[in-house]
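Given next are the chains, with one letter for each unit.
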Amino acid sequence: MDYSVELCGGAHVSSTALIEEFAIVSEEAVAKGTRRITAITGEIAKQAIETAKGLAARVEEAFGLPDHEVGKMAQALSTEVDAAVIPVSLKGALRVRLAQLQERAKAAAKNAGAAIRDEAVAAAKAIANSALMANDMVIVGTVPAGDNREALLAALKTARDNAPRCAVMLMSVDTATGKVAVACAVPDAMIAKGLKAGDWLRDACSAMGGKGGGKPDSAMGGGTDASKVPEAIKAAKTGALRLVM
């Protein structure tokens, strides 16, 4: 033999029928060149196999969930599988299926993020165009970006591209948490008049129980009280106009 093998089988039995079920439940390194497997038999092994079957059924059921629920369920099932005392072969198979489920969750999240980004960008473009028609120099509004930072920044860029001479501040409410994300940008001409993005944003966030900051030309922050958004918008517009008009 190429390997030294030792089997510790515990108590002897008069017949293998007494062992009933057999399941290897762990495999690990115990020293250099030495690994150990642990197996269980009898009623405990039966329970381990049944537990694995139950987890497998739940994993398959998870594939039928709506996309927005898959990620949370995959994470919960992964935690259960990792902690479960079940046959290692079945645990490996479950991990493969869970990996497939997690990939689906990632793809769904990516698609949802792209949809949110598109909606936020469209809203920002409409806000900017409306401001240009009204000859506004300061743009402050909300876009439906939720808690998606990339979507909010994409919306801000769109507003800046469409109204490059305007100071722009956009807010996005996360309805799940009641928090507000804020991003703003100020053109050089307005910075010269005293409107600095970091200070401007900090004042707006403060009105919503939050904070933020940044450079004179751009800044990001957030608030913790979405009910104060109208007050923050009003304060941001008034404060900016006071400096640039």
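A. A nonpolar patch on the surface, seen in detail. Among the surface-exposed residues, M137, L241 and M245 lie close enough to one another that they form a single nonpolar patch of about 300 Å² accessible area. Within the element layout of this structure, L241 appears in helix α7 (residues 229–244).

B. Layout of the sheet that holds strand β6 (residues 211–214). The mixed open sheet is built from five strands, whose spatial order is β3-β4-β5-β7-β6. Only two strands of the sheet have a single neighbouring strand rather than two, namely β3 (138–142) and β6. Neighbour to neighbour, the strand axes of the sheet diverge by 10° on average, direction disregarded. Taken together, the five bridges between β3 and strand β4 (residues 167–174) define a ladder with parallel strand orientation. Within β4, the position partnered with I139 by the bridge is V168. Taken strand by strand, helix α4 (residues 149–162) contacts β4, β5 (179–185) and β7 (218–223), and its axis lies near 35° from that of β5. Packing of α7 onto the sheet brings it into contact with β3, β4 and β5, and relative to β3 it is tilted by some 170°.

C. Seen up close, the packing of helix α1 (residues 42–62) against helix α3 (residues 88–133). One way to put it is that α1 packs onto α3 with a least axis distance of 10 Å and a crossing angle of 15°. Comparing their axes, α3 and α1 come out roughly parallel. Two packed elements cross with a definite hand, and for α1 against α3 that hand is left-handed. Side by side, α1 and α3 meet where A52, L55, A56, V59, E60 and A62 of the first sit next to L90, L94, R97, L98, L101 and R104 of the second. Tallied by class, residues from the contact of α1 with α3 come to nine nonpolar, no polar and three charged.

D. Geometry of the pairing of β7. Of the pairings in the sheet, the one linking β5 to β7 comprises six bridges and is antiparallel in character. Its bridge partner lying in β7, A181 is registered against G222. The pairing of β6 with β7 spans four bridges and is classified as antiparallel. Along β7, the bridge assignment pairs K211 with G222. Counting the residues that bridge the hairpin from β6 to β7 gives three residues.

E. Focus on the packing of aromatic side chains. For the structure on display, the rule yields zero aromatic pairs. Above the plane of the ring of F63 lies R97, whose end atom (NZ or CZ) is 4.1 Å from the centre.

F. Geometry of the pairing of strand β2 (residues 34–41). Pairing between strand β1 (residues 22–31) and β2: eight bridges, direction antiparallel. Paired with A29 across the strands is R35, a residue of β2. Connecting the antiparallel pair β1 and β2 is a turn made up of two residues, with G33 showing a positive phi of about 75°.

Cut-off values and rules
- Residues numbered from 1 in each chain as written.
- Predicted model: local features only at pLDDT ≥ 70, side-chain atom pairs only at ≥ 80, totals over all residues.
- Heavy atoms only, no water.
- Patch = residues over 30% accessible without salt bridge, like charges linked within 9 Å, V, L, I, M, F, W, Y side chains within 5 Å.
- Areas by Shrake-Rupley, 256 points an atom, 1.4 Å probe, with all protein chains shown as cover.
- Salt bridge = Lys/Arg side-chain N within 4 Å of Asp/Glu carboxyl O.
- Helix = DSSP H or I, 4+ residues; strand = E, 2+ residues; numbered from the N terminus.
- Pairing = 2+ DSSP bridges.
- Axes fitted to C-alpha atoms, helices over the stretch in contact; angles between N-to-C directions.
- Contact = heavy atoms within 4.5 Å.
- Parallel < 35°, antiparallel > 145°, perpendicular 65-115°, else oblique.
- Left-handed = near helix turned anticlockwise from the far one by under 90°.
- Nonpolar A, V, L, I, M, F, W, Y, C, P; charged D, E, K, R; others polar.
- Phe/Tyr/Trp six-rings, centres within 6.5 Å; stacked < 30°, edge-to-face > 60°.
- Lys NZ or Arg CZ within 6 Å of the ring centre and 35° of its normal.

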